[in-house]
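# Architecture at a glance
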Amino acid sequence: MTLGVALPLQEEIDHTVRLAQEARDAGLRSAWFGQTFAYDSISLAAIVGREVPGLHVGTAAIPVFGRHPLLISSQAQTAQAATRGRYHLGLALGTKHLTETGFGIPHERPVRLLREFLTALRQLVETGSADFHGELLTATTPLSAAVPGAEPPVPLLVAAMAPQALRVSGALADGILPYLAGPRALAEHIVPAVTAAAEAAGRPAPRIVAFVPGVVTADAEGVRERMTEALAFYERFPSYQRVIQLSGGTRAVDLAVMGDEKEVAAEVARYRAAGATEVVLTTTDLAGEADRRRTWQLLGELATG
């Protein structure tokens, strides 16, 4: 099973590259970048992947609102060519607050937009052309949209956890990127739904890339306090509230993994047993550099063991 980490985006690019090199040298397989209003995560992934051979890089995840398949295809294929096939594109529905506040556009019919976005984007990354006319967007290519060297086609992943989004993702994407979804929610709700949708569409079994906040530490109680504050943002959104409850938790921090190497390794194994094909730990820097390195060392040992 692939193990990776989400890298922080608060540092200069050269520092991010050094962190990615450290992750690779520790034995980790992938590094992932979120998308905010600051760094462009696809560009950052392309730079890091180019500078750190052997490490897979991905974005998790880019909201479809305020973007267009033609532009995302160009960016993603460029990253795929730059990294020689080690780039993974993650998309998201986004949130009403950030979409309407930041872009000034209505966050309406998100699942329909996701379906149309994926349909057009799949054509573009697989054939270099598109002729799509939907209800919410149009994507046609009077000129070729193929990028030389962008092979294999960029994997399309979606930060999907709700039933409708899982059905669309299973039918049209290569996998999903659940976050704050514990083993119980994965095994009982998420993995069965997306797998059934993929089977119905005649697609291969989807990748399940589980993003999990976690850190190896001797101060689990102290880290829990910091983790509670760091994750409280997600408790504002119904989609996360739902999946936290399905996981058996009441707050986002209940889905965080904190403890010694044995405890964290056991939790990683639980995610694998629940159907995760890949596990990516986030917020590994929350407890300081020593615990981050300790966490990465464990993940590297698990990845190579």
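See the structure above.
Below: a short report on this structure.

Definitions and cut-offs
Residues numbered from 1 in each chain as written. Predicted model: local features only at pLDDT ≥ 70, side-chain atom pairs only at ≥ 80, totals over all residues. Heavy atoms only, no water. Helix = DSSP H or I, 4+ residues; strand = E, 2+ residues; numbered from the N terminus. Rg over C-alpha atoms; globule rule 2.2 N^0.38 Å. Buried < 20%, exposed > 50% of the residue type's maximum accessible area, 1.4 Å probe, protein only. Phe/Tyr/Trp six-rings, centres within 6.5 Å; stacked < 30°, edge-to-face > 60°. Arc of directions from axis to C-beta. Contact = heavy atoms within 4.5 Å. Expected span 1.5 Å × (residues − 1). Patch = residues over 30% accessible without salt bridge, like charges linked within 9 Å, V, L, I, M, F, W, Y side chains within 5 Å. Areas by Shrake-Rupley, 256 points an atom, 1.4 Å probe, with all protein chains shown as cover. Salt bridge = Lys/Arg side-chain N within 4 Å of Asp/Glu carboxyl O. Lys, Arg positive; Asp, Glu negative; His and termini not counted. Charge placed at Lys NZ, Arg CZ, Asp CG, Glu CD. Core = buried A, V, L, I, M, F, W, Y, C linked by side-chain atoms within 4.5 Å.

Moving on, we come to the overall build of the protein chain. A tally of regular secondary structure across the protein chain gives 11 helices and 12 strands. By the compact-globule yardstick of 19 Å for 305 residues, the protein chain fits well, its C-alpha radius of gyration being 18 Å. Oriented by its inertia axes, the alpha-carbon framework of the protein chain measures out at about 60 × 40 × 40 Å. Residues counted as buried form 51% of the 305 residues belonging to the protein chain.

What follows is about the packing of aromatic side chains. Summed over all chains, the structure comprises 7 aromatic pairs. Ring plane angle 75° and centroid distance 5.2 Å describe the contact between Tyr179 and Tyr234, whose orientation is recorded as edge-to-face. With Tyr179 in the loop between β9 (175-176) and α7 (183-200) and Tyr234 in the loop between α8 (220-231) and α9 (238-246), the pair connects residues that are 55 residues apart, well separated along the chain. The class of Tyr179 is buried, set by a relative accessible area of 11%. Measuring from centroid to centroid gives 6.2 Å for Tyr179 and Tyr240, while their planes differ by 85°, and the two rings are edge-to-face. Remark: Tyr240 occurs in helix α9 and Tyr179 occurs in the loop between β9 and α7; sequence separation between them is 61 residues. In this pair, the class of Tyr179 matches that of Tyr240, namely buried. Counting every residue linked through ring pairs, the aromatic cluster contains Tyr179, Phe233, Tyr234, Phe237 and Tyr240.

Before going further, it helps to examine α9. Among the residues making up α9, those that are buried are Tyr240, Val243 and Ile244. Projected onto a plane normal to the axis of α9, the buried residues spread over an arc of 105° and lie on a single side. Away from the buried face of α9 by more than 90 degrees, exposed residues Pro238 and Gln245 are located. Contacts made by the buried residues of α9 are with α7. Looking one or two places after α9, you find Gly248, whose phi comes out positive at around 95°.

Now for the environment of Arg86. Structurally, Arg86 can be placed in the loop between α3 (69-82) and β5 (87-92). In the structure, Arg86 is positioned 36 residues away from Arg50 in sequence and 9.3 Å away in space, judged by C-alpha atoms. Sequence-distant contacts of Arg86, that is, excluding residues within four places in its chain, are made with Gly49, Val52, Pro53, Gly54, Leu55, His56, Val57 and Gln80.

It is generally the case that most residues other than glycine have a negative phi and that most peptide bonds are trans. Of note, the amide linkage connecting Ala60 to Ala61 takes the cis form, showing an omega dihedral of 5°. Following Glu151, the chain continues to Pro152 via a peptide bond in cis, the omega torsion being -10°. Within the secondary structure layout, Pro152 lies in the loop between β7 (138-140) and β8 (156-158). Within the chain, Arg109 stands out as a residue other than glycine whose phi angle is a positive 50°.

Before going further, it helps to examine α8. For an α-helix, the turn length of 3.6 residues means that residues three or four places apart are oriented alike. With 12 residues, α8 should reach 16 Å at 1.5 Å per residue; the first-to-last C-alpha distance of 16 Å fits that figure. Every buried residue of α8 is listed here: Gly222, Val223, Met227, Thr228 and Leu231. Lining the buried residues of α8 we find β10 (207-216) and β11 (257-259).

A few words now on a negative patch on the surface. The grouping of Glu11, Glu12, Asp14, Glu51 and Asp285 at the surface amounts to a negative patch. One can find Glu12 in the loop between β1 (2-6) and α1 (13-26). Judged by relative accessible area, Glu12 falls into the exposed class, the value being 63%.

On to the environment of Pro213. With respect to the helices, strands and loops of the structure, Pro213 is situated in strand β10. Judged by its relative accessible area of 0%, Pro213 is buried. Along the sequence, Pro213 and Val158 sit 55 residues apart, while their C-alpha atoms lie 18 Å from each other. Ignoring any residue separated from it by four or fewer positions in sequence, one finds Pro213 in contact with Tyr179, Leu180, Met227, Leu231, Leu255, Ala256, Val257, Thr282 and Thr283.

In this structure, Tyr87, Leu89, Leu118, Leu186 and Ile190 are the most contacted members of the largest nonpolar core, which totals 97 residues. Leaving out residues up to four positions away in the same chain, Leu118 has contacts with Leu91, Leu156, Val158, Val168, Leu172 and Ala173.

Moving on to the pattern of salt bridges. Applying the stated rule across the entire model yields 17 salt bridges. Here Arg207 ties to Glu278 by a salt bridge, and the two come within 2.8 Å at their closest N and O atoms. Of this pair, Arg207 sits in strand β10 while Glu278 sits in strand β12 (residues 278-282), and the two are 71 residues apart along the sequence. Each member of the pair, Arg207 together with Glu278, is buried. Arg292 is the salt-bridge partner of Glu289, the closest N and O atoms lying 2.9 Å from each other. With a gap of 3 residues between them, Glu289 and Arg292 both fall in helix α11 (residues 289-304), about one helical turn apart. The class for Glu289 is partly exposed, based on a relative accessible area of 40%. Since its relative accessible area comes to 3%, Arg292 is described here as buried. In this structure, a network of salt bridges that share partners links the residues Glu22, Glu289, Arg292 and Arg293.

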